[in-house]
Amino acid sequence: MNKSPAPELLAPAGGPDAGYAALHFGADAVYLGLRRFSARAEAENFTLPELEAFTAYAHSLTPRRLVYVTLNTLVRNDETGEAAGMLQDCADAGADAVIVQDLGLARIAQAALPGLELHASTQMAIHSREGVIGARQAGFTRVNVARELTLTDLRTCASVPGIQIETFVHGALCYSYSGLCLYSSLLRGRSGNRGSCAYPCRDRFKADHQPDSDGLFAFSMKDLALPEQISALREAGVASLKIEGRKKSPLYVATVTALYRRILDGGAAPEELEAITEDVKTVFSRPWTSLFSGGRRSLDTIDDQTVGHRGARVGDVISVRRTAGESRLRFSSCRPIERHDGIQVDVDGEDKPFGFSAQSLYTVGKDGSALSVFETNEGAMVEVTLPPAPPPLLPGAPVYCASSQKTKREYPFPRPAASAFRLRFRLDATIRVFPDRITADAEAFDATGAGMAAGGAEIKGAFTTAQDPPRSESAARDAFAKLGETPFLAGHIRFENPDSLFAPASLLNRLRRELTDTLADQLAAKRAARRETLVDSFSPERMQHHACPAAREEWVVAIDREETLSGFSDSDLASVDEVIFRLDTGNRMQVKDRLGTLIARIGVARLRVGLPLIMRDNETDETRQAVSDAAALGIVRWEVSGMGGRQILESTVPDADDIIAGWPLYALNRESAAWLLDHGYRGITISPEDGMDNILALLKVFGDRITVPVYLDPPMMISESCAQSRFQGGCAGKGLCSSTSTRLRSAHREQVVLHRDGCRSIVLNSAPFTRVPQMPRLRTGGARRFLAEFVHREWNAQDTPRIWREVRAGRNPDFAFRLSPAGLAGAQ
């Protein structure tokens, strides 16, 4: 049996130093972000000159290393021109691929930069074989699949031909599927989809039914770590193993990259890998989890007691004793400790460990005497002086080395001079010597062989016969080889001197400088003009209208339980133009009966079926069966909300053509909306994150193609990790949970509802959101199709019709949370 090819090791770089560390310690490729449109907006990130220099350095190495640039945020409509310009910048800098979330950026790249490779970000929440197929059909060459996948899932996804699979193997985890978390955006005004997440999942939450409890970090995930699964991932066909960490230090990148490089290369002794593992933990580490690599029912994913960095565990508290006017912590250390190492100790009832620097260090002898030392040995009984007024440190509490001087010394890496590497073009030149002048004509070529600039230079003078003609040619070639401060590399240099004249080296150097300055100016001007043209082409002012003729106002209701409409009167139902019945874990198994009930009340012509956003394992087959059952009842209208849903629908109902795009497909700009319409969607749905100005801009172009949710109840987090079991003392078993929802309050005083959909967790706001106060502006701006959602919750027959009538009448319901009109305006 042939061994599967070694996967690429892909390391993060929040800035240039981290990038150089990654390459030095064995990364095959590095991913990094620029100062805009990066999902790690708070990282150092790269300037364009830094990107060019770093890419040139990576490409100069043997074997050649690759550089991927993350443009992986959602893009507002007024930003499409600048985003297009940044795609051009990446291509001009020599980037090997760009990583994107926004379908609009993919559309721009395919239209304007067809040679630029596209990778689908994990922010696209692609989690199935069908989703991978959808990404391939959209023009992506690689998918960074959702972190929640099992090894079996990964193997299935990797079986799709013509596209590569990339998966995370190490680093921080979001509680929610990436790209589907709206908590930070809707409740704190900082969008994770714009790189500005406020990390509410690291908050402490209290359950309403446990008022005397201190609460739990119920959504705070452990760190992903898959060193023991690398061989299995390789055999599964995964093409790239990705390390998270663009906000981490260069030292962190160095240690983690070194660990996975040694594992991939093989041959490392267990004790060597264990030593590197401990080094990693001293730099940054929460407790580790293998997440769902071994199966979907893993309970070892959340650290509900403590947040933040722990370190490498070195022992347990033996005692705290008072001596010589100071307090000392005593423990037996399984790792050498140096003075100035960082020490942390878990403290009951505290959110984070108690940390301090080992300013004074002692070894304790068998007789109990303490000797001041600079460094202790492994296995030594150690005392460390505590800072004043430490918290209670109880015997048995874990002690960690949270910063190691030894680790810092053992992972040095070279940092090339800023001017040593740059994007370069091959320069072919012809130098000619005449009695009254010397000339040079040249052309510059890029890596593909395309001509990028051409020009000449001339220096007048009186040139006499050379005493040593071969030396004149050698001097000319030497002069034109001195290109270090220019964007050129010497290519084919031709020297013509039929009269054997002498050309002084000083004039040849001057000729080279004038020629390269001329060509460099040409390159810069050509690049700037190309960028300006691209920016202008995709600016909002160039938008072409796709809107249908003005139509009457339409009202849509979305439900996931047929009984939600039981309280609607005939008059209420008459005001509903369409009902979307959204499939989920609980309703798709009885879809015939449920849809039959609805058809009996409203008829089949007004009914649309929405496919689930997340479909895993047997859920895909169940959804196909539900779609088939719906089609057999005469359903011809559909809603698709995720990449892969279209493939499931079309494999079941090949002639389906009345399909609208749900908000998770994120049409926030004219290019992403046009992509969806180009690919057969009849309409698009506005994202809960979108702001009024952006919505109005889209309405000018797409008009009746747009559905505007005005009473909406989106999941703020969707997760495969069960937080509810944390408040119930553990998991009772599949299908045996005592309740379907739990009301929680965050440390920031936000009230949310933790809802269970099978074994999947959904976090909802305390009440749905409303855009009802903005409806006059929306109508004036051209909105004609409005949506009210009654999903996820157990809506009763009294509240639902009352709220529906209030929304229809333009009155703000009392059970609602007002959305900010600004939306994404303040981010990035």
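Residues numbered from 1 in each chain as written. Predicted model: local features only at pLDDT ≥ 70, side-chain atom pairs only at ≥ 80, totals over all residues. Heavy atoms only, no water.

Colleague: Which residues make up the sheet that holds strand β13 (residues 326-332), and what values do they have?
Modeller: If you walk across this open sheet you meet the eight strands as β15-β14-β19-β12-β13-β18-β16-β17, and the pairing is antiparallel. Two strands close off the open sheet at either side, each with one partner strand: β15 (354-357) and β17 (370-372). For this sheet the average axis-to-axis angle between neighbouring strands, irrespective of direction, equals 35 degrees. (Pairing = 2+ DSSP bridges. Helix = DSSP H or I, 4+ residues; strand = E, 2+ residues; numbered from the N terminus. Axes fitted to C-alpha atoms, helices over the stretch in contact; angles between N-to-C directions.)

Colleague: Lay out the nonpolar core in plain terms, naming residues and giving numbers.
Modeller: Counting residues in each nonpolar core, the largest one holds 189 residues, and the members touching the most others are Phe140, Phe219 and Trp638. In this structure Trp638 touches Arg608, Val609, Leu611, Val627, Ala630, Ala631, Leu649, Val653, Ala656, Asp658, Ile659 and Ile660, once residues within four positions along its chain are discounted. Core analysis: the second largest hydrophobic core is formed by 28 residues, Leu501, Leu511, Leu519 and Leu523 among them. (Core = buried A, V, L, I, M, F, W, Y, C linked by side-chain atoms within 4.5 Å. Buried < 20%, exposed > 50% of the residue type's maximum accessible area, 1.4 Å probe, protein only. Contact = heavy atoms within 4.5 Å.)

Colleague: Mind laying out the layout of surface pockets, listing which residues take part and the relevant values?
Modeller: Its volume calculated, the largest pocket comes out at about 1,300 Å³. Lining of the largest pocket is provided by 47 residues; of these, Asp92, Ala93, Gly94, Leu423 and Phe425 occupy positions nearest its centre. Every element with two or more residues in the lining of the largest pocket is listed here: α1 (16-24), α2 (48-60), α3 (80-93), β20 (425-434) and α13 (505-537). Broken down by element, the lining of the largest pocket gets its largest block of residues, eight residues, from α2. Tallied by class, the residues present in the lining of the largest pocket amount to 26 nonpolar, eight polar and 13 charged. There is about 980 Å³ of room inside the second largest pocket. Taken together, 43 residues line the second largest pocket, and the ones lying closest to its centre are Asp560, Asp584, His755, Ile762 and His792. (1 Å grid on protein atoms, 1.4 Å probe; cavity = no way out; pocket = protein on both sides within 12 Å on 5 of 7 lines; lining within 4 Å. Points joined across faces, edges and corners; volume = space filled by probe spheres on them. Nonpolar A, V, L, I, M, F, W, Y, C, P; charged D, E, K, R; others polar.)

Colleague: Can you break down empty space enclosed by the protein residue by residue, with the values?
Modeller: Under the defined criterion, the tally for this structure stands at four cavities of 30 Å³ or more. For the largest cavity, the calculated volume is near 160 Å³. When the residues that make up the lining of the largest cavity are grouped by side-chain class, the tally is 11 nonpolar, six polar and one charged. Surrounding the second largest cavity, 13 residues form its lining, Arg147, Leu149, Thr167, Phe168 and Leu226 being those nearest its centre.

Colleague: Give a detailed account of the sheet that holds strand β31 (residues 717-719), specifying residues and quantitative values.
Modeller: Taken in spatial order, the five strands make up an open sheet running β8-β32-β33-β34-β31, and their pairing is antiparallel. Edge positions in the sheet fall to β8 (205-207) and β31, since each of these pairs with one other strand and no more. Across this sheet, the average inter-strand angle for adjacent strands is 30 degrees, counted without regard to direction. Bridging between strand β33 (residues 751-757) and strand β34 (residues 760-765) involves six bridges; their strand directions are antiparallel. Each bridged residue has a counterpart across the sheet, and for Val752 the counterpart in β34 is Asn765.

Colleague: Describe the packing of aromatic side chains, with residues and values.
Modeller: Going through the model one piece at a time under the given rule, you end up with 17 aromatic pairs. When the centroid spacing of 5.5 Å and the interplanar angle of 50 degrees are considered together, the rings of Phe25 and Tyr411 count as tilted. Taken together, the residues Phe25 in the loop between α1 and β2 (29-33) and Tyr411 in the loop between α11 (405-410) and β20 connect sequence positions 386 residues apart. Overall, Phe25 belongs to the buried group, its relative accessible area being 15%. Residue Tyr411 is classed as buried on the basis of its relative accessible area of 9%. Taking 5.9 Å as the distance between ring centres and 70 degrees as the angle between the ring planes, the aromatic pair formed by Trp795 and Phe815 counts as edge-to-face. Highlighted residues: Trp795 in the loop between β36 (785-790) and α22 (799-808) and Phe815 in the loop between α22 and β37 (817-818), separated in sequence by 20 residues. By way of ring pairs, the aromatic residues Tyr20, Phe46, Phe54, Tyr57 and Phe421 are connected into one cluster. Of note, Lys248 hangs over the ring of Phe284, and the distance from its end group to the ring centre comes to 4.9 Å. (Phe/Tyr/Trp six-rings, centres within 6.5 Å; stacked < 30°, edge-to-face > 60°. Lys NZ or Arg CZ within 6 Å of the ring centre and 35° of its normal.)

Colleague: Describe the environment of Met452, naming the residues involved and giving the relevant values.
Modeller: For Met452, the position within the fold is in strand β22 (residues 451-460). Taking relative accessible area as the criterion, Met452 reaches 15% and is therefore assigned buried. In this structure, Met452 is in contact with Phe425, Ala444, Phe445, Asp446, Leu523, Lys526 and Arg530, ignoring residues within four places of it in sequence.

All quantities given are derived from atomic positions and should not be read as evidence of function.
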